[in-house]
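Fold and geometry: a report
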Amino acid sequence: MKKQNVLVVGAGLAGMKAALLLANAGVTVYLLEKESLIGGQTIKFEEVYPNMECATCMVSPIQQDVLQNKNIELFLLSELESVEGETGRFKVKISKKARYVSLVNCIGCDACYEPCPVNLDNEFEENLSKKKAISVPCAGALPNVPNIDPENCLRLNGKKKECKACQEACVFDAIDFTEKDETLDLEVGAILVATGFDLFDIETLPQFGYGKFPNVYSAMEFERLYAQNGPTEGELILRKDGDLKSIGIIHCVGRKEQGYCSGVCCMYSAKFAHFLKHKIHEAKIYEFYTDLCIPGKSHQSFYEETRQKGVDFIHNETIRVESQKDRLQITYRDGNGSDSVVPMDMVILSPAMIPGKGTEQLAKTLGINLDKHGFFNTQNERLSPVSTEREGIFVIGCAEGPKDIPDSVLQAEAAVGKILASFR
Ligand SMILES: Cc1cc2nc3c(=O)[nH]c(=O)nc-3n(C[C@H](O)[C@H](O)[C@H](O)COP(=O)(O)OP(=O)(O)OC[C@H]3O[C@@H](n4cnc5c(N)ncnc54)[C@H](O)[C@@H]3O)c2cc1C
Ligand code: SF4
Ligand code: SF4
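Residues numbered from 1 in each chain as written. Chains lettered and ligands numbered in written order. Predicted model: local features only at pLDDT ≥ 70, side-chain atom pairs only at ≥ 80, totals over all residues. Heavy atoms only, no water.

Taken together, Cys116, Pro117, Val118, Ala133, Ile134, Cys153, Leu154, Arg155, Cys163, Ala165, Cys166 and Phe177 are the residues near ligand 2. Looking at the shell around ligand 2, its residues break down into eleven nonpolar, no polar and one charged. (Near = heavy atom within 4 Å. Nonpolar A, V, L, I, M, F, W, Y, C, P; charged D, E, K, R; others polar.)

What follows is the structure, encoded as structure tokens:
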């Protein structure tokens, strides 16, 4: 086909990398993101394994490039409504929600947040902090421009129609309550699906004590607790009743239920141990695993280094988290059938990666299939790992299945290669 515009759905690391590669090759890219910011899950991390690189330093130049690239048209708060036609001439409809704040006028000074009377749980921060009805999800969000949540804004939901506290606080005339949701029609030659993943709901497994005992955290909560731009500004723990002497990290939560190994949890659990040992030298860190997955040339040395720091890796057949006299304890059965009990001050649960919310609906909209685990299916896992069964539609990153950052980027590069090679 001749050179065509391309639609990329999802502005996580995989989607951003694909969009930039295409744009730098002179292709016009429409980049669709359902949230108010770009970056996906990786912007929640403080550091990334295997070299404990600063995640913000790695991701923010990519975010900046996306925002500044003239060949990329970014649609935030947007989702795909329908797709018609075939490769080389897809007609797509996009629904774009109103932001109510101008991306041009706003300078991100945050003067409008404080006067807003509405306090809400901040889902981006795993509900560990509050936000206003006008807000950005986290410090350092890109674009650094808030949006108004119309369901909770008192003016927009009609509960207090005269409220304009945020608008009065904004001296840059950036807030516009009259902005409307839009539907847009575009024509594209190819579509790249990069909608990422979600995490297994650990509350469905009561043996891990999540939601029941304090100081039992999910992996993503822990990521936000130790992030400098997180709800505690990197002050690891909200606990006030003593030191952290003993910390247990439980791998493979939900692995049995999902029926696959995510291939990432062992490594990010080792990342947590690395961080904890660095922060609290004297703490005893335990990694409880059912199967260790340490693939790749750089990962093995990271694992060895973690062990050398004194982290205990313990194989278990069964495991449960309980509380005894206000202290957590982990009871596990090892491969020989012996039971052991270890007291804990904090437990971190590392859940399986699962298909993102809305994957099923999106597959219907795109006219493509899902695999048996609910991720987008590809033509052939081994020989055609980024092409779907519908010609001209590709799937990359964790939308295709659980994987880490290098593999997500690798798929982005592969799909872009296929698209560019198809242009005459
Ligand atoms: C706790 C944890 C720690 C990790 N640590 C590391 C690490 O240290 N090193 C490493 O290599 N890997 C790590 N990973 C893996 C890493 O997070 C993934 O490899 C990476 O995020 C995959 O990027 P992605 O772009 O495919 O997906 P995501 O990061 O999930 O991005 C997907 C994007 O698509 C958007 N989206 C979703 N649905 C739609 C839709 N319908 N329409 C429009 N937009 C949509 C989302 O809002 C999001 O912005 C970790 C994973 C977890 C769970
Ligand atoms: S109009 Fe009022 S309720 Fe709505 S975002 Fe502004 S300050 Fe908050
Ligand atoms: S909307 Fe106005 S007050 Fe709020 S961050 Fe933007 S410029 Fe500042």
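Next, the rest of the story.
Let us look at the domain arrangement of the protein. Reports often express the size of an interface as the amount of accessible area lost when the parts come together. Domains assigned within the protein are domain 1 (6-97 + 181-196 + 356-422) and domain 2 (200-353). The C-alpha-based centres of domain 1 and domain 2 are spaced at 31 Å. The interface of domain 1 with domain 2 comprises 16 residues on the first partner and 21 residues on the second. Taken together, the links from domain 1 to domain 2 amount to zero salt bridges. At the boundary of domain 1 with domain 2, the tally comes to three residue pairs in polar contact (both at pLDDT 80 or more). Residues that form the side of domain 1 that touches domain 2 fall into these classes: nine nonpolar, two polar and five charged. (Domains from an automatic or database assignment. Contact = heavy atoms within 4.5 Å. Salt bridge = Lys/Arg side-chain N within 4 Å of Asp/Glu carboxyl O. Polar contact = N/O pair within 3.5 Å; in protein donor to acceptor, adjacent residues only side chain to side chain.)

Note on placement: serine 246 falls in strand 16 (residues 246-253). A residue is classified by how much of its surface remains accessible, and serine 246, at 7% relative accessible area, is buried. A polar side-chain atom of serine 246 sits 2.9 Å from the main-chain carbonyl oxygen of proline 343. Not counting the four nearest positions on each side in its chain, serine 246 is found in contact with Lys284, Tyr286, Arg327, Pro343, Met344, Asp345 and Met346. (Helix = DSSP H or I, 4+ residues; strand = E, 2+ residues; numbered from the N terminus. Buried < 20%, exposed > 50% of the residue type's maximum accessible area, 1.4 Å probe, protein only.)

Here the focus is the sheet that holds strand 6 (residues 78-86). As summarised here, the arrangement of the three strands in space is 6-7-12, forming an open sheet in which the pairing is antiparallel. In this open sheet, the two edge strands, each paired with only one partner strand, are strand 6 and strand 12 (182-188). With direction set aside, neighbouring strand axes in the sheet form an average angle of 20°. Direction of pairing for strand 7 (residues 89-96) relative to strand 12: antiparallel, over a ladder of seven bridges. For lysine 96, the partnering residue across the bridge sits in strand 12 and is glutamate 182. (Pairing = 2+ DSSP bridges. Axes fitted to C-alpha atoms, helices over the stretch in contact; angles between N-to-C directions.)

What follows covers the packing of aromatic side chains. Following the criterion strictly, the structure yields eleven aromatic pairs and no others. Aromatic side chains phenylalanine 222 and tyrosine 226 sit 5.1 Å apart centroid to centroid with 45° between the ring planes, which places their arrangement in the tilted category. Of this pair, phenylalanine 222 and tyrosine 226 both sit in helix 4 (residues 219-226), four residues apart, roughly one helical turn. There is no split in this pair, since phenylalanine 222 and tyrosine 226 are both buried. Between phenylalanine 288 and tyrosine 332, the ring centres sit 5.3 Å apart and the planes meet at 55°, which makes this aromatic pair tilted. With a gap of 44 residues between them, phenylalanine 288 in strand 17 (residues 284-289) and tyrosine 332 in strand 20 (residues 327-333) connect regions that are remote in the sequence. (Phe/Tyr/Trp six-rings, centres within 6.5 Å; stacked < 30°, edge-to-face > 60°.)

Tallying each qualifying case throughout the model produces one disulfide. There is a disulfide in this structure between cysteine 54 and cysteine 57, and the S-S distance comes to 2.5 Å. When the S-S torsion is 80°, as for the bridge of cysteine 54 with cysteine 57, the disulfide is right-handed. Lacking any disulfide linkage, cysteine 265 is separated from the closest cysteine sulfur, that of cysteine 252, by 6.5 Å. As a non-bridged cysteine, cysteine 398 has cysteine 265 as the owner of its nearest cysteine sulfur, 11 Å distant. Accessibility expressed as a relative area gives 8% for cysteine 398, which makes it buried. (Disulfide = S-S within 2.5 Å.)

For the bond from tyrosine 49 to proline 50, the omega torsion is 0°, close enough to zero to count as cis. With respect to the secondary-structure elements, proline 50 resides in the loop between strand 3 (47-48) and strand 4 (53-54). With an omega of 0°, the peptide bond between leucine 142 and proline 143 qualifies as cis. Of note, proline 143 is situated in the loop between strand 10 (134-135) and strand 11 (147-148). Backbone geometry at tyrosine 100 places phi at a positive 70°, although glycine is not the residue there. Note that tyrosine 100 resides in the loop between strand 7 and strand 8 (120-121). Positive phi, close to 60°, is recorded for asparagine 127, a residue that is not glycine. Along the chain, asparagine 127 turns up in the loop between strand 8 and strand 9 (130-131). Given a relative accessible area of 43%, asparagine 127 falls into the partly exposed group.

On to the site of ligand 1, then. Not every one of the 36 residues close to ligand 1 is listed here, only the nearest: Glu33, Gln41, Lys271, Cys398 and Lys403. Between cysteine 398 and ligand 1, the recorded distance is 2.9 Å, taken from a backbone N or O atom to an oxygen atom. In isolation ligand 1 exposes 1000 Å². Once the protein is present, 96% of that is buried. Counting residues per element, the ones that place at least two in the shell around ligand 1 are helix 1 (13-24), strand 3, strand 6, strand 14 (197-199), helix 4, helix 6 (265-279) and helix 9 (405-422). Counting residues per element, the shell around ligand 1 draws most heavily on helix 9, at three residues. Here the residues of the shell around ligand 1 sort into 17 nonpolar, ten polar and nine charged. (Areas by Shrake-Rupley, 256 points an atom, 1.4 Å probe, with all protein chains shown as cover.)

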